[in-house]
Amino acid sequence: MDQIINTREDLDAAQGTTSYDTFMAYLKGSMSRKQNTAVYPEGYGQPGYTGDIIEPIWVDVEDLSTIERFGFIKADFS
């Protein structure tokens, strides 16, 4: 990706280029993220903690904040 894209105007100016296509793929990929939903006791991970080790529980969470920042909605990527 050769162009720097910070705004929707930057993206629109890049339309028809590989930078545009690459950035749109990145935006589509940003629509979900992994989040740890494990519950940890108070003090977990702090010095002196002596309790059990708790494994993370990773779930996919929809997050449309990045595409919304560029003026898109989820349907724009289907």
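Scroll up to find the structure.
Summarised in this report is the structure supplied together with it.

1. Observations concerning the nonpolar core
Within the largest apolar cluster, 13 residues are counted, with the highest numbers of intra-cluster contacts made by Leu 11, Met 24, Leu 27, Ile 67, Phe 72 and Phe 77. For this core, the element with the most residues is helix H2 (residues 18-29), which contributes 4 residues. Apart from the residues within four sequence positions on either side, Phe 77 is in contact with Met 24, Leu 27, Lys 28, Met 31, Ile 67 and Phe 72.

2. Remarks on the pattern of salt bridges
Opposite charge on two side chains lets them pair, provided their charged atoms get close. Under the defined criterion, the tally for this structure stands at 4 salt bridges. Asp 12 is the partner of Arg 8 in a salt bridge, and the nearest nitrogen-oxygen pair spans 3.0 Å. Here Arg 8 and its partner Asp 12 are both found in helix H1 (residues 8-13), 4 residues apart, which amounts to about one turn of the helix. Looking at Asp 12, the relative accessible area reads 38%, which means it is partly exposed. Between Asp 60 and Lys 34 there is a salt bridge; the shortest N-O distance is 3.0 Å. Here Lys 34 lies in strand S1 (residues 32-36) and Asp 60 lies in strand S2 (residues 58-62), a separation of 26 residues in the sequence.

3. Quick notes on the environment of Thr 50
Residue position: Thr 50 is located in the loop between S1 and S2. Classification of Thr 50 by relative accessible area gives exposed; the value is 75%. In sequence terms Thr 50 and Met 31 are 19 residues apart; their C-alpha atoms lie 38 Å from each other.

4. Quick word on the packing of aromatic side chains
Per the stated rule, a full pass over the model turns up 4 aromatic pairs. Ring geometry for Phe 23 and Phe 70: centres 5.2 Å apart, planes at 65°, overall edge-to-face. Here Phe 23, found in helix H2, pairs with Phe 70, found in the segment after helix H3 (65-69); they are 47 residues apart in sequence, far enough to count as distant. For Phe 70, a relative accessible area of 3% corresponds to the buried category. With a centroid separation of 4.9 Å and an interplanar angle of 70°, the aromatic rings of Tyr 44 and Tyr 49 are classed as edge-to-face. For Tyr 49, a relative accessible area of 28% corresponds to the partly exposed category. An aromatic cluster is defined as three or more aromatic residues linked by ring pairs; in this entry it consists of Tyr 40, Tyr 44 and Tyr 49.

5. Topic: the environment of Ile 53
With respect to the element layout, Ile 53 can be found in the loop between S1 and S2. In this structure the C-alpha to C-alpha distance between Ile 53 and Gln 35, which are 18 residues apart in sequence, comes to 18 Å.

The rules behind the values
Residues numbered from 1 in each chain as written. Predicted model: local features only at pLDDT ≥ 70, side-chain atom pairs only at ≥ 80, totals over all residues. Heavy atoms only, no water. Core = buried A, V, L, I, M, F, W, Y, C linked by side-chain atoms within 4.5 Å. Buried < 20%, exposed > 50% of the residue type's maximum accessible area, 1.4 Å probe, protein only. Helix = DSSP H or I, 4+ residues; strand = E, 2+ residues; numbered from the N terminus. Contact = heavy atoms within 4.5 Å. Salt bridge = Lys/Arg side-chain N within 4 Å of Asp/Glu carboxyl O. Phe/Tyr/Trp six-rings, centres within 6.5 Å; stacked < 30°, edge-to-face > 60°.

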